[in-house]
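# Examining the three-dimensional arrangement
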Amino acid sequence: MVTQGNQHTRPRRSPPGSEGPANKIGAGTPHDFEGKNLTAYGGLLPVATLLEKLGFQRLVEETLRVKRITRVMSLYQFVLAMVLALYVGFSRLNHLRFLEREPMLVGILKVLHLPPQCTFWRFLASLHLGIAQQLLEVQRHMR
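The present account deals with the structure reproduced in this document. Just so you know, these numbers come straight off a predicted model, no measurement behind them.

### Some details on the nonpolar core
Counting residues in each nonpolar core, the largest one holds 32 residues, and the members touching the most others are Phe56, Val60, Leu80, Leu114 and Phe120. In contact with Phe120, other than residues within four places in its own chain, are Met73, Phe78, Ala81, Met82, Leu93, Leu96 and Pro115.

So, in structure tokens, the structure goes:
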């Protein structure tokens with residue numbers, strides 16, 4: 001079959017300000033708690049709630065002993081930020097810049113925005129060698 005017309009035209013885009021994508025999440029979005037597939041950000045709130053109910057904050061604050069006092073966020077907020085970033089799929093500290101103003105993450109951490117990457121590096125550099133044993137203790141208790 002032969003078609004007439006230019007076959008190399010680009011599909012037309014909708015003008016700015018028009019109806020957006022149909023997959024936006026809002027108050028009227030149907031949900032299914034029986035579903036097995038959660039998006040990384042959609043599963044962030046249940047993970048934070050689980051950690052809260054398991055007493056993760058109390059465990060971290062009792063187990064980890066850090067001499068340096070943090071100013072931007074508490075010790076628990078630093079640890080929780082790194083744990084939640086790992087859960088979302090960011091395995092390196094320089095990936096935290098992509099999450100700097102992520103509404104769900106900063107809401108869970110109760111901060112306006114994440115500090116720069118260098119602050120996380122300074123926090124990790126301030127930890128002494130015994131912290132590895134303390135982190136293993138936290139991991140053991142969480143299991």
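### Some thoughts on the environment of Leu99
If you trace the backbone, Leu99 turns up in the loop between helix 3 (75-88) and helix 4 (103-109). With 18 residues separating them along the chain, Leu99 and Ala81 place their C-alpha atoms 9.7 Å apart.

### Thoughts on helix 1 (residues 44-53)
Within helix 1, the full set of buried residues consists of Leu44, Val47, Ala48 and Leu51. An end-on view of helix 1 places all buried positions within 100° of arc, on one side of the element. Where helix 1 is buried, its residues touch helix 2 (56-63), helix 3, helix 4 and helix 6 (131-142). Among the residues trailing helix 1, Gly55 stands out with phi positive, at a value near 80°.

### Here we look at the packing of aromatic side chains
Within the structure shown, the criterion is met by four aromatic pairs. Judged by centre distance (4.5 Å) and plane angle (5°), the rings of Phe78 and Phe123 are stacked. Here the residue Phe78 occupies a position in helix 3, and Phe123 occupies one in helix 5 (residues 117-125), the gap between them amounting to 45 residues. Taking the relative accessible area as the measure of exposure, Phe78 reaches 2% and is therefore buried. One aromatic cluster in this structure is built from Phe78, Phe120 and Phe123.

### Quick look at the side chain of Thr63
By the element assignment, Thr63 lies in helix 2. Given the relative accessible area of 16%, Thr63 is considered buried. Engagement of the side chain of Thr63 in a polar contact is seen with the backbone oxygen of Leu59, the distance being 2.7 Å. Those residues in contact with Thr63 that lie beyond four places of it in its chain are Gln134, Glu137 and Val138.

### Examining unusual backbone geometry
Note on backbone geometry: most residues besides glycine have negative phi, and most peptide bonds are trans. Residues other than glycine seldom take positive phi values, yet Lys110 does so here, at roughly 60°. If you trace the backbone, Lys110 turns up in the loop between helix 4 and helix 5.

### Digging into the environment of Leu136
Here Leu136 shows up in helix 6. Assessed through its relative accessible area of 48%, Leu136 is described here as partly exposed. Taking C-alpha positions, Leu136 is 9.9 Å from Thr63, a pair spaced 73 residues apart along the chain.

### A short note on helix 6
Compared with the 16 Å implied by 1.5 Å per residue over 12 residues, the 16 Å span of helix 6 between its first and last C-alpha is a close match. Taken together, the buried positions of helix 6 are Ile131, Gln134 and Val138. The buried residues of helix 6 all sit within an arc of 60° when viewed along its axis, so they share a single face. Exposed side chains of helix 6 directed beyond 90 degrees from the buried face belong to Gln133 and Arg140.

What counts and what doesn't
Counting from 1, residues in each chain are numbered in the order their sequence is written. Residues qualify for local features only when their pLDDT is at least 70, as the model is predicted, and side-chain atom pairs are given and counted only at 80 or more; totals for whole chains, interfaces and linings, by contrast, use all residues. Working from all heavy atoms in the structure, the side-chain values ignore hydrogens and water. Residues belong to a common nonpolar core when they are buried Ala, Val, Leu, Ile, Met, Phe, Trp, Tyr or Cys residues joined through side-chain atoms within 4.5 Å. Only protein chains enter the accessibility calculation, which uses a 1.4 Å probe; a residue whose area is less than 20% of its type maximum is buried, one above 50% is exposed, and one in between is partly exposed. Only heavy atoms matter for contacts: two residues are in contact if any of them lie within 4.5 Å across the pair. Per the convention used, a helix needs a DSSP run of H or I reaching at least four residues, while a strand needs a run of E reaching at least two, with both numbered from the N terminus. Summarising the geometry, the arc corresponds to the directions from the helix axis toward the C-beta atoms. Geometry of aromatic contacts follows a simple scheme: Phe, Tyr and Trp rings, the Trp one being its six-membered ring, pair when their centres are within 6.5 Å, and the pair is stacked under 30 degrees between planes, edge-to-face over 60, tilted otherwise. Polar contacts, as used here, are pairs of N or O atoms within 3.5 Å; protein pairs need one atom able to donate a hydrogen and one able to accept it. Residues neighboring in sequence count only if both atoms are side-chain atoms. An expected span of 1.5 Å times one less than the residue number is assigned to each helix.

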